[in-house]
Each structure stands twice: as C-alpha cells, then as structure tokens.
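Residues per chain are reported as follows:
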Amino acid sequence: MKSNAIKEKSFSFALEIVAVYKYLSFEKREFVLSKQMLRSGTSIGANIREAEHAESKADFIHKLSIALKEANETEYWLDLLYQSEYLTISQFQNIKDQITQQLKLLTSIINTTKNKN
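Bear in mind the structure is a predicted one, so any value in this text is a computation, not a measurement.

To continue, consider the overall build of the chain. The helix and strand tally for the chain stands at four helices and zero strands. Secondary structure elements of the chain occur, N-terminal to C-terminal, as α-α-α-α. Dimensions of the chain, computed from the C-alpha atoms along their principal axes, are close to 50 × 25 × 20 Å. The proportion of buried residues among the 117 residues of the chain is 38%. The contacts in the chain between residues at least 6 apart in sequence include a share of 73% that link residues at least 24 apart. Accessible area for the chain stands at about 7200 Å²; split by element, carbon and sulfur atoms hold 53% of it. Averaging the coordinates of the 16 positive side-chain charges in the chain and doing the same for the 14 negative ones gives two points 4 Å apart.

Next up, the structure:
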C-alpha cells in the first residue's frame, strides 16, 4: 500500500487539535476560540480526503486549496490562543511546527499539480 504523507500528517494533526481542544475546554474553560480551531483544524484532513477522489485535476487543486485555507485559518486561531495566553510556549510550538509543515506541503502539492502538463 502506497504511503500518503499529507493524508497521514493531516490525520495526526487532527488528533492533536482534538487533544488541544479538550485541554482548552476542560482545563482552561475556553470555548469560543478553541471551537473555531477545532473546526478548521479537523477540516484540513477532511478536504485532503475529498481530494483523493477528485473528479478532475481542477477539482483536486480546488479541494487541496480549501485544505490550505483551513490550515491558514487554523494557524490564525493557534496564534490567537497563544497570544491570549491560553497555550504555553511548548504547547504552541509543537502544534505550530505541525501546521507550518502542512502549509508548506499543501502549497508544494498544489503548485506541482498546477505546473504539470
């Protein structure tokens, strides 16, 4: 079976997002920002899964572009949660590194697909 790095990374990231959401809602009693982060953070992988069965190259690019937008939004919520002191530097840095990797990987896949003849 062929490995799919972005699919695996996005699923792992979604699990991490769920864990952070649980921490924020149960330990910090923060519900609004963390819910936004949960929605966008888990949506990344869902859109990547949709792209697996795209109907065309354009559809594939479109679905991955939505995943990229969701990743960018997730990064915003994470930055906001950190700057508002809901996340410690170590909690933030770990998940920030993961979202940065996904943003780079998604951008690379989209650009490579667009440039293929």
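Additional details are given in the paragraphs that follow.
The next subject is the nonpolar core. The biggest cluster of nonpolar side chains holds 26 residues, and the ones touching the most others in it are Met-37, Ile-44, Leu-78 and Leu-106. Elements that contribute at least two residues to this core include exactly α1 (5–26), α2 (32–52), α3 (57–83) and α4 (89–115). When residues in this core are grouped by element, the largest group, seven residues, is from α3. In this structure Ile-44 touches Ser-10, Phe-13, Ala-67, Glu-70, Ala-71, Thr-74, Ile-99, Gln-102 and Leu-106, once residues within four positions along its chain are discounted.

Glancing now at the pattern of salt bridges. Side chains carrying opposite charge are able to pair once their charged atoms draw close together. Scanning all chains against the criterion turns up five salt bridges. Measuring nitrogen to oxygen at the nearest pair gives 3.9 Å for the salt bridge that ties Glu-50 to Lys-63. Within this pair, whereas Glu-50 is found in helix α2, its partner Lys-63 is found in helix α3, the two being separated by 13 residues in sequence. In this structure Glu-50 comes out as partly exposed when scored by relative accessible area, which is 44%. Across the pair Asp-59 and Lys-63 runs a salt bridge whose closest N-O atoms are separated by 2.9 Å. You can see Asp-59 and its partner Lys-63 sitting in helix α3, four residues apart, about one turn around the helix. Both residues of the pair, Asp-59 and Lys-63, belong to the buried class. Members of the salt-bridge network, linked through shared partners, are Glu-50, Asp-59 and Lys-63.

One can describe the packing of α1 onto α2 by two numbers: an axis separation of 9 Å at closest approach and a directional angle of 165°. As the angle between them shows, α1 and α2 are arranged roughly antiparallel. Crossing geometry of α1 relative to α2 is assigned as left-handed. Between α1 and α2, the residues in contact are Ile-6, Lys-7, Ser-10, Phe-11, Phe-13, Ala-14, Ile-17, Val-18, Val-20, Tyr-21 and Leu-24 and Ser-34, Lys-35, Met-37, Leu-38, Gly-41, Thr-42, Ile-44, Gly-45, Ile-48, Arg-49 and Glu-52, respectively. Split into classes, the residues belonging to the contact of α1 with α2 amount to 13 nonpolar, five polar and four charged.

Conventions used here
Residue positions are given per chain, counted from 1 along the sequence in the order it is written. Local features in this predicted model are restricted to residues of pLDDT 70 or higher, and side-chain atom pairs are both shown and tallied only at a pLDDT of 80 or more, whereas totals for entire chains, interfaces and linings draw on every residue. To get the side-chain values, take all heavy atoms of the structure and skip hydrogens and water. Numbering of helices and strands runs from the N terminus, with a helix taken as a DSSP run of H or I at least four residues long and a strand as a DSSP run of E at least two residues long. A 1.4 Å probe rolled over the protein chains alone gives each residue an accessible area, and that area as a share of the maximum for its type sets the label: buried under 20%, exposed over 50%, partly exposed in between. A contact between two residues is defined here by any heavy atoms of the two lying within 4.5 Å. Reported accessibility uses the Shrake-Rupley method at a 1.4 Å probe radius. Residues are deemed covered only where the shown protein chains occlude them. His is not counted, nor are the chain ends, whereas Lys and Arg count as positive and Asp and Glu as negative. Charge coordinates come from a single atom per side chain, which is NZ of Lys, CZ of Arg, CG of Asp or CD of Glu. Residues belong to a common nonpolar core when they are buried Ala, Val, Leu, Ile, Met, Phe, Trp, Tyr or Cys residues joined through side-chain atoms within 4.5 Å. Basic side-chain nitrogens of Lys or Arg form a salt bridge, by our definition, when they fall within 4 Å of a carboxyl oxygen of Asp or Glu. For helices, the fitted axis covers only the stretch in contact; all axes are lines through C-alpha atoms, and the angles between them, taken along N-to-C directions, range from 0 to 180 degrees. These descriptions rest on fixed angle ranges, namely under 35 degrees for roughly parallel, over 145 for roughly antiparallel, 65 to 115 for roughly perpendicular, and the rest for oblique. Crossing chirality is assigned from the near helix's rotation relative to the far helix, an anticlockwise turn below a right angle marking it left-handed and a clockwise turn marking it right-handed. Each residue gets one label: Ala, Val, Leu, Ile, Met, Phe, Trp, Tyr, Cys and Pro are nonpolar, Asp, Glu, Lys and Arg are charged, and the others, such as Gly, are polar.

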